[in-house]
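Single-letter residue listing:
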Amino acid sequence: MVGVCYWYCDFAVISIHDVVSGVHMHSHSLGTPFAVGDLYPNDGSASDDGSVSESGSVSDSSLVSRKKLAPNNSPVSNKSPVSVSSNGQVSNDIWTHGKSLRFATLGLTTITIWEVGFTSETPPTEVETLSVPNDIRSAMPPHIDYPDLAERVQLLPASCRLVIAHQGKVLVWDARNSKSLLSQTDTRCSPRMSLTSDGRFFACSTTGYEIHLWKDSPTGYVLHGTLASSNGIPSLLLSPNGESIITFGERTIRLWHTKSFTAPPSGVLTQTLRHTGDFILDFSPDGTLATVVRREDSVVTVLDLESGAPQLTIDAGTDIYGLRVIQDSVVVIGDGKVIAWKLPAGDRIPNATVNVNDSVRASNFSSPGKGKVFTAAISSDLHHVALVTYDSPGPRPLYICSVSAGKYPGHRVTHGNTLWFDPDGRSVWCVGITGEAEVWTVPGHGPTPPHEASDVVGIEHPPEGYPWGSSRGYRATDDGWVLGPDGKRLLMLPPPWQSFALGRVWNGRFLALLHGALSEPVILELDS
Amino acid sequence: MSRPVYPDQIQESSTLDLANECSRFVTGYFDIISASAPHIYHSALVLTPRTSIVRKLYEAHAHPFVRVVHGALMSWDPNTATATRPSAIEVAVWSQCSRFIVITQRGTVMVDIIDSTTLQRVQTLEPPQGISTSHTAFVFSPDSRMLTCRTYPSLVGTSRRAA
């Protein structure tokens, strides 16, 4: 047989085909409704010219085989699959053993290892059956459909390791030696996990925006290091050699070297890390200062744009959901509070600290209803506050209230998560991650508060006074260039620094980058 | 001051440090270098961490059009490479040699093979007509020259990756 052999399994049928000729060798039914995903060839030397590329270069790729494997079209497809009694679900992992394939099925009480020959039509034979201990059995999800099953339960047949992530528990079990290798109870553990093919490393992500890397040892898996994830709870995948790990979520893929994982401090699993890049920033109108706060933090830092150094630290004494510089004051929206401080001017004392007692204005307003405040904004005349609250995934309520009256004349549902009042305070832009803004009319400036969104507009070219566009003609392109007013390429941002328009704040010659891949805001001064 | 010696590891040296730094510089700013070589001096060197040997050696040659006011990197990020794709990534699979990664993205049937050092696309494969890449499983052959995919409904394609 020439070429690469692979197994194919759909609706519990494992089929062996010769890829190059397309010949269907034989099929076997396992009597389970679950499809499986991975395909493994039988050896590493198969190639049409007998050589193995060492250069790693990729060229002249072509589709060498395209076969429909439905029984009626397969060359030897009139053979009926041979049924094999199998109790449970076929694992996602399958591996080769000489001239045969081995795979595993996972049942509620047993793991069964099977072997099937490439060229022999003998049905798969049972190699080994291992019982699943009670603690593993109780941790297993009772009714999970594929592909959730594949995500929550993984089997590494080469070393007979079973991994289960379910309801905040991560268990790794050596089925052959009936030994628990890892038993971690952490409500923040997510089912996203990966094992190296030799079982040397195991990685899982957590809802605390961390990735945990575990290393095999004679006593089981020990925590080798942790990594802060900048893009939520990513999917992750260890390289076969265990040297690298990729994380991917949405449009971004990131590469890490496992050597770069930091040794965890004691008690790391009980720590809560904040999302690394959820900042709110506004510039002073005269372009000399920038104010920045991490969302839901209570400390505002005022940065001097000439030196980049902190000029003032403000302890607001409340979680902050919105911030805006209005004339010579910085105004924050906290939990039911609007507080303002004068910005430093004239002879400044570097890095002074003030608190709520030093504020020049403090107003209270009542909570808008159920749900936690997610984001907030205030109008430039300080008359209105807009709030988006979060109760459950999906569209969220938008409230616009009068600060003086403390009233909420109803709410509307929005898909946006970033708010900005227009300069005259007559409307609120509520911007979603897609970069489209719903424009809402502020109560008091229209007949029914708040108005239905009158318009949905893009934010790439907003009117003057909005933070997502430069009033001086600078712009950022989709491929990472920052262009001057004359179109000159001033800077190319590397991928971690690139973002949607929502992650950028412009003011005069200054551009701030705020998005999630950055551990702190980056402020750039551009050539004029 | 003498450098530490690790019996079973390569001894540290300033040359090795420089080589590692150069590797980080090239992989970290691969997009910039490949898009416009002059922006090594306009962009990459400006954004390079302040403690980097590469920056110390070549900073005098930089010709920036921007100033980093705040947030400049002090040292290299542990994230060695990042790539942003046009749409959400759905499937990623390593090659057996750990040198390539195959990815599929939402809204396209095309399958990209990317380099595992720079995360740059090195090949785009088109699956057979009429099938979606959703719920597709991929596996490289052990020599990483062949890529096999399975998808619904029961279609299998095998592509030759390398020359």
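As the structure is a prediction and not an experimental result, all values here were calculated from the model.

Visitor: Before we go on, may I ask you to explain the overall build of chain B in this structure?
Guide: On a plain count of helices and strands, chain B comes out with four helices and nine strands. Listing each helix as α and each strand as β along chain B from the N terminus yields α-α-α-α-β-β-β-β-β-β-β-β-β. A sequence separation of at least 24 residues applies to 29% of the contacts in chain B between residues at least 6 apart. Entry remark: accessible area of chain B is about 7400 Å², with carbon and sulfur atoms responsible for 55%.

Visitor: How should I be thinking about unusual backbone geometry in this particular structure?
Guide: It is generally the case that most residues other than glycine have a negative phi and that most peptide bonds are trans. You will see that E296 of chain A, though not glycine, has its phi angle at about 70°, which is positive. Checked against the element boundaries, E296 of chain A lands in the loop between β22 (289-294) and β23 (299-304). Under the relative-accessibility criterion, E296 of chain A is labelled partly exposed at 24%. With a phi angle near 65°, L119 of chain B is a residue other than glycine that sits in the positive phi range. The residue L119 of chain B is located in the loop between β5 (111-115) and β6 (121-125) in this model. Its relative accessible area of 1% is what places L119 of chain B among the buried residues.

Visitor: Would you explain the environment of S98 of chain B in this entry?
Guide: Tracing the chain through its elements places S98 of chain B in the loop between β3 (89-94) and β4 (100-105). When sequence neighbours within four positions are dropped, the list of residues in contact with S98 of chain B reads S239, P240 and N241 of chain A together with S116 of chain B. Polar contacts involving the side chain of S98 of chain B include one to the main-chain amide nitrogen of N241 of chain A, which spans 3.2 Å.

Visitor: What am I meant to see in the sheet that holds strand β32 (residues 396-402) of chain A here?
Guide: Within a sheet, each strand pairs with its neighbour through backbone hydrogen bonds, oriented either parallel or antiparallel. All names here are of chain A. The strand order β30-β31-β32-β33 describes an open sheet built from four strands, whose pairing is antiparallel. What marks the edges here is a single partner per strand, and that holds for β30 (372-378) and β33 (411-414). Within the sheet, the average angular offset between the axes of one strand and its neighbour, ignoring direction, is 30°. Relative to β33, β32 runs antiparallel, the two sharing four bridges. Bridge pairing in β33 links L398 to R412.

Visitor: What is the right way to look at the packing of aromatic side chains in this model?
Guide: Any pair of aromatic rings gets described here by the distance separating the centres and the angle formed by the planes. All names here are of chain A. Inspection of every chain in the model, using the stated rule, returns nine aromatic pairs over all chains. Ring centres of F202 and Y221 lie 6.2 Å apart, and the angle between their planes is 55°; on these two criteria the pair is classed as tilted. With a gap of 19 residues between them, F202 in strand β15 (residues 201-206) and Y221 in strand β17 (residues 220-228) connect regions that are remote in the sequence. Taken as a pair, F202 and Y221 share a single burial class, namely buried. A ring pair is formed by Y466 and W468, whose centres lie 6.1 Å apart and whose planes are at 35°; its orientation type is tilted. For the pair formed by Y466 and W468, the shared burial category is buried. Ring pairing ties together the aromatic residues W429, Y466 and W468, which thus form one cluster. Its guanidinium or amino end placed over the ring of F374, R396 lies 5.1 Å from that ring's centre, counting from NZ or CZ.

Visitor: So what exactly am I meant to see when it comes to a nonpolar patch on the surface here?
Guide: All names here are of chain B. There is a patch of nonpolar side chains on the surface, built from L18, L57 and Y58 and spanning about 260 Å² of accessible area. In this structure, L57 sits in helix α4 (residues 53-58). For L57, a relative accessible area of 46% puts it in the partly exposed group.

About the cut-offs
- Residues numbered from 1 in each chain as written.
- Chains lettered and ligands numbered in written order.
- Predicted model: local features only at pLDDT ≥ 70, side-chain atom pairs only at ≥ 80, totals over all residues.
- Heavy atoms only, no water.
- Helix = DSSP H or I, 4+ residues; strand = E, 2+ residues; numbered from the N terminus.
- Contact = heavy atoms within 4.5 Å.
- Areas by Shrake-Rupley, 256 points an atom, 1.4 Å probe, with all protein chains shown as cover.
- Buried < 20%, exposed > 50% of the residue type's maximum accessible area, 1.4 Å probe, protein only.
- Polar contact = N/O pair within 3.5 Å; in protein donor to acceptor, adjacent residues only side chain to side chain.
- Pairing = 2+ DSSP bridges.
- Axes fitted to C-alpha atoms, helices over the stretch in contact; angles between N-to-C directions.
- Phe/Tyr/Trp six-rings, centres within 6.5 Å; stacked < 30°, edge-to-face > 60°.
- Lys NZ or Arg CZ within 6 Å of the ring centre and 35° of its normal.
- Patch = residues over 30% accessible without salt bridge, like charges linked within 9 Å, V, L, I, M, F, W, Y side chains within 5 Å.
- Salt bridge = Lys/Arg side-chain N within 4 Å of Asp/Glu carboxyl O.

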